[in-house]
Amino acid sequence: MMKTKLKLLFIALVGAVGLVSAQATEECITTMSIFSEHAKVKNYDAAYEPFMKLRKDCPTTSYALYQYGERILHHKIEKATGAEQKAFLDDLKKLYEEKKTHFASKAKEGDDIADVALTMYENKIGTAQEQYEMFNKAWETDSETFKNPKGLYVFFNLAVALQEAGKIELQDVFDLYDGIQGQITTIQNEYAKNLEVILEKNEAGTALSAKEKQIEKYAESNLSNYSKVSSGVNGMLGKLADCDRLIPFYEADYEAKKNDVDWVRGAAGRLVSKECTDSELFVTLVEQLNTLEPSAKTSFYLGRLAEQRGEDAKAIQYYEESAERQTDPQEKAKVYYRLGENFRSKASYSRARLYYNKAVAAQPSMGIVYLRIAAMYVASANNCGNTRFEKLAVYWLAADTAAKAGRIDPSLADTANKTAASYRANAPTREMIFSEGNAGQRITFSCWIGGSVTVPSL
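Not measured: the values here are computed from a predicted model.

Asks: Quick question: what am I supposed to make of the state of the cysteines here?
Replies: Each disulfide is one covalent bond, formed between the sulfur atoms of two cysteines. For the structure shown, the criterion picks out three disulfides. What pairs with Cys28 in a disulfide is Cys58, and their sulfur atoms sit 2.0 Å apart. In this structure, the disulfide formed by Cys28 and Cys58 twists by about -80 degrees around the S-S bond and is classed as left-handed. You can see Cys28 sitting in helix H2 (residues 26-40) and its partner Cys58 sitting in the loop between helix H3 (44-57) and helix H4 (64-79), a full 30 residues away along the chain. Taken individually, Cys28 and Cys58 each receive the classification buried, so the pair is uniform in this respect. Between the sulfur of Cys384 and that of Cys447 lies a disulfide, 1.9 Å long from S to S. Taking the sign of the S-S torsion, about -85 degrees here, the bridge from Cys384 to Cys447 comes out left-handed. With Cys384 in the loop between helix H18 (368-379) and helix H19 (388-408) and Cys447 in the loop between strand S1 (442-444) and strand S2 (452-454), this pair connects stretches of sequence that are 63 residues apart. The exposure class of Cys384 is buried, given its relative accessible area of 0%. Each disulfide of the protein chain joins two cysteines, and with those cysteines numbered along the sequence the arrangement is 1-2, 3-4, 5-6.

Asks: Explain the layout of surface pockets here, please?
Replies: Unfilled space is identified by rolling a water-sized probe across the atoms. A volume near 1,700 Å³ is recorded for the largest pocket. Looking at the largest pocket, it is lined by 49 residues, and the ones nearest its centre are Tyr177, Gln181, Ser273, Glu331 and Lys334. Contributions of two or more residues to the lining of the largest pocket are made by helix H9 (170-203), helix H10 (210-238), helix H12 (261-273), helix H14 (296-308) and helix H16 (329-345). A total of ten residues in the lining of the largest pocket trace back to one element, the largest contributor, which is H9. Partitioned by chemical class, the residues of the lining of the largest pocket number 16 nonpolar, 19 polar and 14 charged. By volume, the second largest pocket is sized at about 600 Å³. Of all elements in the fold, only H4, helix H6 (109-122), H9 and H10 reach the threshold of two or more residues within the lining of the second largest pocket. A per-element tally of the lining of the second largest pocket places H6 first, with seven residues. Looking at the lining of the second largest pocket, its residues break down into seven nonpolar, nine polar and nine charged.

Conventions and cut-offs
- Throughout, a residue's number is its position along its own chain's written sequence, starting from 1.
- Two thresholds apply to this predicted model, a pLDDT of at least 70 for residue-level local features and 80 or more for giving and counting side-chain atom pairs, whereas whole-chain, interface and lining totals are computed over all residues.
- Only hydrogens and water are set aside; all other atoms, that is, all heavy atoms of the structure, feed into the side-chain values.
- Pairs of cysteine sulfur atoms within 2.5 Å are what we label disulfides.
- The way it works is that DSSP assigns letters per residue, a run of H or I at least four long becomes a helix, a run of E at least two long becomes a strand, and they are numbered from the N terminus.
- When a residue's accessible area, from a 1.4 Å probe over protein chains only, is under 20% of the maximum for its type it is buried; when over 50% it is exposed; and in between it is partly exposed.
- Every definition here rests on a 1 Å grid over the protein atoms only: cavities are sets of points where a 1.4 Å probe fits but cannot get out, pockets are open sets enclosed by protein on both sides within 12 Å along at least five of seven lines, and lining residues have some atom within 4 Å of a point.
- Grid points are joined across faces, edges and corners, and a volume is the space filled by probe spheres set on the points.
- Residue classes follow a fixed rule: Ala, Val, Leu, Ile, Met, Phe, Trp, Tyr, Cys and Pro count as nonpolar, while Asp, Glu, Lys and Arg count as charged, and any other residue, Gly among them, counts as polar.

Note that every value here comes from positions in space, so none of it alone points to a role or purpose.
Encoded structure:
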């Protein structure tokens, strides 16, 4: 009876955070209960002794041992100095190895090694080179689970500092930049997909469940965090990769590496990303890449060249060819966005929206698309609707669309919110709504815009 009571207490204490082993002994359960009671109230010093006993005698009792254990060792590292601090750091590494041994299905090596690296950085343990090497170990071991936003930022920051000190190559920084930005975009797309479902319910006036509100809050918070990291990483790269530095850098290596398709592809891509496409080097790289490896990328670059030369029909042909060839969703989105921009510049709004929608379908976190569509709605307002009220009602739709950009991509939030506010200021006033007597009614647009909006209630 006593064993049953202890096990029930133990499950109540740790069940919310970890797996409970059915084979746990009575002594293990008792020790785990004591450990959990201390750890839950953040009394980590008191939890340390039972924690160490459990690691030795009962390592498979509960996954909570490792979840709380990380917090205990972080606490110890923060409070210690010198050799003692280094010993606790080594023990944190050991704990992650133990977790991988006893709960392999729940271990995430990239995340765990990155946590060690970030702990080193935050507690000034080791040199910048050693901290970087630990982050690099996490990235090379399991980049898929290396998702900590602060860790990604610090990793790149260390890389830039070491490159400036002449300790790593500039190309290594470029490669890391591509990898981190790709990782961030993948993560953002997942959160954006979750948020899109919520936004659709909001637009339809459907009440959100408690779980959906939690999903909304979590998605928006993470989209904001990763957006800041992406912006910070871009800023750090900016000082290393302007056209004046990039062009001589690639020109110096061109003859030696012109038959290395990966190098040529990377160089051309870097020049595109930094808007260095009006250089002779870019033309040379694109022509060489098209010789070595005709692909979606070469079609895209040929489209850029054709666009620069004013050959619009040829540019569109190349872009569409690139989109059809492309298998990478992010690259596909880039191509469709470029096509959308092309048609928007010609006031071919319906076709532009078609491509913008394809872009955001491929990359759900591409919030800029919604700002572009909203601007096209405003440009067409006078040509949409039979009455002045209906024409002005377009601004409500434009405002809602612009606001969506900031929800999907928090880096655009300030611009999106200001744009939406300016559009709403041009929408029908309360007096106009009262005069029309149509509060709460739905207005449908019959022009290319399509869709509808609900007139706000007074």
